[in-house]
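# Structural description and commentary
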Amino acid sequence: MKDKKGIAFGFIAYVFWGIIPIYWKLMPSVAPLDILCYRILWSFLFMLIYILATGKWSLFSAETKAVLRDKKKLSAIICAALLISVNWFTFIYTVSQGHVTQASLGYYMNPLVNVLLATLILKEKLSRSGLIACLLALAGVILLTIQTGEIPLASIIMAVTFSFYGLIKKGVAVSSYTGLTIETFVILPIALVYLLFFSQQGFMTYGLTTNLLVVGAGIVTAIPLLLFAEAAKRISYIILGFIQYVGPTLMLLSALFLYHEPYSAEQFIAFAFIWLGIAVFTYGNFYTYRKEKQLLE
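Residues numbered from 1 in each chain as written. Predicted model: local features only at pLDDT ≥ 70, side-chain atom pairs only at ≥ 80, totals over all residues. Heavy atoms only, no water.

### Thoughts on the nonpolar core
Considering soluble globular proteins, one finds that nonpolar side chains tend to be buried as a cluster. For clarity, the threshold we go by: Buried Ala, Val, Leu, Ile, Met, Phe, Trp, Tyr and Cys residues form a nonpolar core when they are joined through side-chain atoms within 4.5 Å. A 1.4 Å probe rolled over the protein chains alone gives each residue an accessible area, and that area as a share of the maximum for its type sets the label: buried under 20%, exposed over 50%, partly exposed in between. The way it works is that DSSP assigns letters per residue, a run of H or I at least four long becomes a helix, a run of E at least two long becomes a strand, and they are numbered from the N terminus. By the convention used here, residues are in contact when the closest approach between their heavy atoms is within 4.5 Å.
Ranked by size, the top nonpolar core spans 53 residues in total, and within it Tyr23, Trp24, Met27, Met47, Phe91 and Val214 carry the most contacts. Contributions of two or more residues to this core are made by α1 (2-25), α2 (32-53), α4 (71-96), α5 (100-120), α7 (153-171), α8 (176-198), α9 (208-234) and α11 (246-258). Looking at this core element by element, the count peaks at ten residues for α2. Setting aside anything within four residues of it in sequence, one finds Trp24 in contact with Ile35, Arg39, Phe91, Ile92, Val95, Ala217, Val220 and Thr221. If you look at the next biggest cluster of nonpolar residues, it comprises 20 residues, including Leu117, Ala137, Leu144 and Tyr245.

### Points about the environment of Gly106
Within the element layout of this structure, Gly106 appears in helix α5. You can call Gly106 buried: its relative accessible area is 0%. As a C-alpha pair, Gly106 and Ser155 span 49 residues in sequence and 3.8 Å in three-dimensional space.

### Digging into the packing of α2 against α8
For the record, the criterion: Structural elements are reduced to axes, namely lines fitted to C-alpha atoms, with helices fitted over the stretch in contact, and the angle between N-to-C directions of any two is expressed from 0 to 180 degrees. For classification purposes, angles smaller than 35 degrees are called roughly parallel, those larger than 145 roughly antiparallel, those between 65 and 115 roughly perpendicular, and all remaining angles oblique. By convention the crossing between two helices is left-handed if the near helix lies anticlockwise of the far one by an angle smaller than a right angle, and right-handed if it lies clockwise. Classes in brief: Ala, Val, Leu, Ile, Met, Phe, Trp, Tyr, Cys and Pro nonpolar; Asp, Glu, Lys and Arg charged; the others, Gly included, polar.
Remark: α2 packs on α8, axes separated minimally by 8 Å, with the N-to-C direction vectors making an angle of 135°. With respect to each other, α2 and α8 are oriented oblique. Seen from above, α2 lies across α8 with left-handed handedness. Across from Leu33, Asp34, Cys37, Tyr38, Ile40, Leu41, Ser43, Phe44, Met47, Leu48, Tyr50 and Ile51 in α2, the residues of α8 making contact are Tyr177, Leu180, Thr181, Thr184, Phe185, Ile187, Leu188, Ala191, Leu192, Tyr194 and Leu195. Here the residues of the contact of α2 with α8 sort into 19 nonpolar, three polar and one charged.

### Re α5
Going by this rule: Here, expected helix span is obtained from the residue count minus one, scaled by 1.5 Å. Consider a residue and the seven residues that end there alongside the seven that start there; fitting an axis to each set, the bend is the angle between those axes.
In this model, α5 (21 residues) spans 30 Å end to end at C-alpha, consistent with the 30 Å of a helix rising 1.5 Å per residue. Asn110 marks where α5 bends most, by close to 40°; the proline Pro111 follows one to four residues later. Burial analysis of α5 places 16 of its 21 residues in the buried class, the great majority of the element.

### Description of α4
Taking 1.5 Å per residue, 26 residues should reach 38 Å; α4 reaches 37 Å between its end C-alpha atoms and fits that length. With its phi angle positive at about 80°, Gly98 sits one or two positions after the end of α4.

### Describing the environment of Ala13
With respect to the helices, strands and loops of the structure, Ala13 is situated in helix α1. Take Ala13: its relative accessible area is 0%, and that puts it in the buried class. When the C-alpha positions of Ala13 and Ile223 are compared, they lie 7.6 Å apart, and in sequence the two are 210 residues distant. Once you skip the residues sitting within four places of it in the chain, Ala13 turns out to touch Pro224, Leu227 and Phe228.

Below is the structure:
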């Protein structure tokens with residue numbers, strides 16, 4: 001039952017992330033930087049409402065005080081806040097420019113960047129399947145660079161920032177709701193100053209529909225993050241690894257069939273290298289998981 005709930009939570013979270021480009025495209029009149037700032041503002045307010053409504057204020061307060069007393073933990077959360085802000089802005093800007101395919105590529109690359117960071121920073125041993133997967137993904141990125149004449153910088157930024165964000169979150173022992181609330185609070189003053197004094201469009205000066213969508217940006221940001229955190233507690237990393245490709249796959253499908261972005265045979269070949277890398281990586285993890293499980297039985 002616990003596994004079934006975990007799989008459901010993980011699946012819903014990645015469906016959210018997979019269709020979120022459609023949400024950003026509903027606000028063409030709002031500049032990408034404005035969307036980012038509204039996303040931070042309304043995510044913070046939504047998280048406060050969530051904490052109060054679920055009766056978690058005392059736990060949140062205790063955790064926040066502990067973070068403020070621990071300079072190392074506070075510094076880590078500030079770094080995480082900066083990384084996720086860069087990730088969000090890059091994603092929103094890329095989608096607003098009509099490059100949903102590039103956005104999907106970033107999140108296809110993300111698990112393979114996780115492997116590299118684990119090897120380089122955490123000094124974890126890179127398996128043969130992990131090495132082959134990373135080399136195949138690198139070949140795909142090089143092919144895309146040759147075809148387009150430019151490095152897929154947005155995809156790389158998204159993959160690297162989210163991987164470092166995950167790495168920091170892994171090392172900071174706070175609940176998901178406390179972490180997200182503090183992260184958004186860290187960036188909130190900058191977001192408010194920009195929206196109130198520097199935004200060319202002014203603060204919430206859109207029509208009723210767009211204003212409601214702007215407020216909803218906080219909800220569509222917080223809900224999948226909370227669902228993901230619950231899924232991670234309930235199911236293994238291997239199962240979660242299978243589910244995580246739902247997001248970029250939905251992004252790619254919307255890019256091709258909803259927004260009719262150009263997708264040449266050369267691009268398909270480059271993506272095929274990345275998909276093959278993902279298949280090798282996933283199979284290697286699944287094989288290791290089954291082997292370890294058999295040893296424990």
